[in-house]
Amino acid sequence: MLVPIRLTVAELLRDRLRLTGTKVSCEMQVCGVCTVLVDGNPVSSCTTLACDLDGTEVLTVEGLARGRDLHPVQDAFMAANTLQCGYCTPGFIMMTVALLDAYPDADHHDVREWMDGNLCRCTGYAPIETAVTVAADRMRAESPENEL
Amino acid sequence: MARVRAVKALSVPRRDAWEKVTGRARYAVDAALPNMAHAAVVRSERAHAYITSIDRAEAEAAPGVIAVVTAGDLGDLGLRFGHIVPDHAILAVDKVRYYGEPVAAVVAETPHQAADAAEMVWVDYDDLPALTDAATALASDVLIHEQSYASEGEKFLDVAPGASADNAAHRGELAWGDAEAALASAATVVETTTTFPLVYGYAMETYNALADWQPGSLHVVSTAQHPLMVRKELARMFSLPLAAVRVEVPYIGGGYGSKSYTKLEPLAAAASWAAGRPVKVTTDVEGAMYTTRADGARVTVRTGFDADARITARDINILFDTGAYADNSPLVLTKSINRSFGPYRMPNLRIRGVAAYTNTSPASSYRGFGAPQAALAGELNMDMAADRLGIDPVELRRRNLLAPGDTLIPGKRPLDADLAADLDAVVKALDGHAAVPDAAASAVASADDHDVSGQARSKAGVRRGRAVALTASDAGASPNSTAQVRMHADGSVTLLVSSTEMGQGSRTALAQIAARELCVPLDAVAVGQSDTRFTPFEWTTGASRTTTVVGLAVQAACADLWDALRARAAESVGVPVGDVVVHGGRLHLDADISDTVGGSGAGERGARVADFASVVKGSGSGLAPAEVIRRWFGADAGEVVGVGVIRRAGATEVLPPFWEIGAVGVEVSVDTATGEVTVEHLVTVGDVGHAVNPELVKGQDLGAATQGLGIALWEEMVYDGEQLTNPNLVEYRVPRLRDTPRRITSVLAERGDGAGPYGAKGAGEGALNPVPAAVAAAVGRAVGVWPTELPLTPPRVWSLLQQAQQ
């Protein structure tokens, strides 16, 4: 795929590929709504050039579910009343996936540290914090290491 | 009407959860049309100036540019909008009135091309004095609007804007008794003046609009909270019938009042008209801050008390910084006046309010609508008075609170809430986790000497303070709602309303009401999005009104649907409609009649009734609505429609439809070395009458209170001269996850005392309104000096601490 040099990852996703699950808001890396995973690492798609991602794997909120089965983080966000307008939700979910992939044993402090870079204007955050913790517990319970 | 089982609140999951966690939910910003072009806005670089020339040649020659549009290019389109005062030009006409005002729009094939070309539009200005402060603007001979756009005699609700010889956008007054005399003879008079900052609602989806003008029609998809209000303005500006203007509002990423009324829609529509293409306009955060903010306010409250600490009078002055255009500020001012004296008995009252035009971003609605501005002064004044009078601030409030059924404002609905009980609930929750006494503060600091960020907390000392605050707001706006329920051949229903789902959960709550009224499973109710071509009339989505007012319309529509089903059941077998009754979600032949027709074989009617009765008896429990539909149409097809209308009549004749209560408590700790404020405990009591969905109500309360904390502690648009210095989310700081209170107590008070369905009243604004005041009072108690200005940033609190030492 050829892209203009100035095209951001968010523009590529939203405008060219019509993957509109990824949202844009502050456009200066403080709100987190545009978070996508590049080779597993959280990146602000609004300020990353698409051309810089040549050869990488980009995961967006659309890519989390397996068919009709939601990712455990999505399940947790559905169950815990974490969203109102939902505009920040994809960013929070992607950041949570990144956190729990990198640190499956993330504790309360890790959650607050990682999630402080995602803004939510509706909920007051407390339900989101709960959902991240629930998702972490569930993913630990379901991880292959625990089945040995 | 259908008989309803015992009313039971259910915290069912949101219906939009799945599409929102999978990224499938369609927001306004995701809307696209074939052949769509994009517009970028050229914004003023002056706060107040005449436009002397606009050089567009370079922009027009730039790659991909389709049109450069200025006010002069708009032909005979209506140039101005404004639902109260039509003072707001789509694109500046001859003059700019604030830094960031739209001067031109550049339409191009791509957003990048439009943005690039917008940089090539050269505007020359002839500067005028910039009036960026409300008091200065009111005193100035320089007029921001040289002419009045108010039509004498025309009113918007209670607001009748008139021409003004100065920079007042609106003036309001409310008075009874003789406040001046009562204050002169009061045992104690306490005066408080506060400054409420300019704040930005920051809905994370910034304003955007997609418009498709075609000869004789206009289609808009936008972030509008009030699509019918936008339709009305667009119809006028484009000389189109209301029916020819279609405003569609899919999910929107937050509103909080900031997306009320008309914003970008006329600009997008004018650009589409000029370019002959569908055109999309999206603001960034900076552009959003130049589109709408909340009114800043300087409020002075003087309260007189008798020897028993009972209020004898209040005199209140409200000065709003309304910015360059009126938008909804005249109504916000009117509401601020109504909401300023608190839920207290007022033998004598005088309130004067002015909304002043200034050369800053235009102000309009924001969650709470004038209540937080006024309550900051009014409730802080109660705490200051308690100190002066040597009374506990809770006791002082109790002594002066209005009781259920009391009159707040003559002619308005009597108080439909028990504020004393709400206050008790707040105090009980605060007491349940009482502060560690100040003497032990240093021990507290060392026991908890690392906060979650890992930063060492100051050992110098922590001081704690707690406060409560109360508000009562005339909410619910104008009762003018229509709901439509369409029941399909299988008994499932589609509910159509023009309430905007902006996160508050209206589609879920209204579906719950419909399901309950029609005795169908919740999954059998679909709710459509607002689309003025298909969904019925709705006044607004604001003023916490949807569950109450639209909920009543949904109930009425369901009752109408049952009537239609009864009529069809009766007609299909030839009995009078009065013989058919509804019970348990099914239609029955009235018991008395079915008893008497059992053995009757005489006459044609008797035979038909016997036939119906046997049908009823055959099914054992009457006819299900779906059976009625199929019998009437003679096919497994067709639908029956019910329509419900709420207007100023019956239960909603007396305004407001309900009083929205705010009852909160906070406990804060203040780091004496840095001035940093931590919210240790937040208590909200949601006095909602009946919670249709308790989890959603609690979500509203916590979200609203958190926005209140933002105003109290961090949020402020800072003007330095003509220009906004912090038009971004780095320097305009909103609450983050690590700012959440260490303890949160959310209580719902359900006393069934509202006019809405099952006794419901509104939620959504109540928990914000008193929070800034409560935080200010709590910080004042912690520090020993009463704050007069928000937000209470560390430098401001540190200054208060220094004052306390002097």
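Residues numbered from 1 in each chain as written. Chains lettered and ligands numbered in written order. Predicted model: local features only at pLDDT ≥ 70, side-chain atom pairs only at ≥ 80, totals over all residues.

## As for the packing of helix 10 (residues 371-389) of chain B against helix 20 (residues 771-783) of chain B
Residue and element names in this part refer to chain B. Running from N to C, helix 10 and helix 20 point in directions that differ by 35°, and their axes come no closer than 8 Å. The crossing of helix 10 and helix 20 is right-handed. From helix 10, Pro372, Ala375, Leu376, Glu379, Leu380 and Asp383 reach across to helix 20, where they touch Pro772, Ala773, Ala776, Ala777 and Gly780. Classifying every residue of the contact of helix 10 with helix 20 by side-chain character gives eight nonpolar, one polar and two charged. (Axes fitted to C-alpha atoms, helices over the stretch in contact; angles between N-to-C directions. Helix = DSSP H or I, 4+ residues; strand = E, 2+ residues; numbered from the N terminus. Left-handed = near helix turned anticlockwise from the far one by under 90°. Contact = placed C-beta atoms within 7 Å. Nonpolar A, V, L, I, M, F, W, Y, C, P; charged D, E, K, R; others polar.)

## Brief notes about helix 14 (residues 506-518) of chain B
All names here are of chain B. An ideal rise of 1.5 Å per residue puts 18 Å on 13 residues; helix 14 measures up with 18 Å between its terminal C-alpha atoms. When you tally the buried positions in helix 14, you get 13 out of 13 residues, the bulk of the element. Where helix 14 terminates, the next one or two residues include Cys519, which has phi positive at roughly 55°. (Expected span 1.5 Å × (residues − 1). Buried ≥ 20, exposed ≤ 12 C-beta atoms within 10 Å, placed from the backbone.)

## Considering the pairing of strand 21 (residues 481-488) of chain B
The two faces of the sheet receive side chains in turn, since in a regular strand these alternate between them. All names here are of chain B. Across the eight residues of strand 21, six count as buried, placing the element largely inside the fold. Here strand 21 runs beside strand 27 (residues 639-646); their pairing, made up of eight bridges, is antiparallel. Bridge pairing links Gln484 to Val643 in strand 27. In the sheet, strand 21 pairs with strand 22 (residues 493-496) via four bridges, with the strands oriented antiparallel. What sits directly across from Met487, in strand 22, is Val493. (Pairing = 2+ DSSP bridges.)

## Topic: the interface of chain B and chain A
Interfaces are frequently sized by the accessible area removed from exposure as the parts join. Listed by partner, the interface residues are 44 residues for chain B and 40 residues for chain A. Elements represented by at least two residues in the side of chain B that touches chain A include exactly helix 1 (17-21) and helix 19 (694-713) of chain B. At six residues, helix 19 of chain B tops the list of elements feeding residues into the side of chain B that touches chain A. Residue composition of the side of chain B that touches chain A, by class: 21 nonpolar, 14 polar and nine charged.

## A word on the confidence of the model for chain B
Residues and elements named next belong to chain B. The pLDDT averaged across chain B works out to 93; a share of 92% of its residues lies at or above 70. Counting interchain partners and residues more than four positions distant, the pLDDT-below-50 stretch residues 1-6 has 13 contacts. Low confidence marks residues 598-602, where pLDDT is under 50. Its contacts with residues over four positions away, or in another chain, come to five contacts. Confidence metrics for the complex model read pTM 0.95 and ipTM 0.98. (pLDDT = per-residue confidence, 0-100.)

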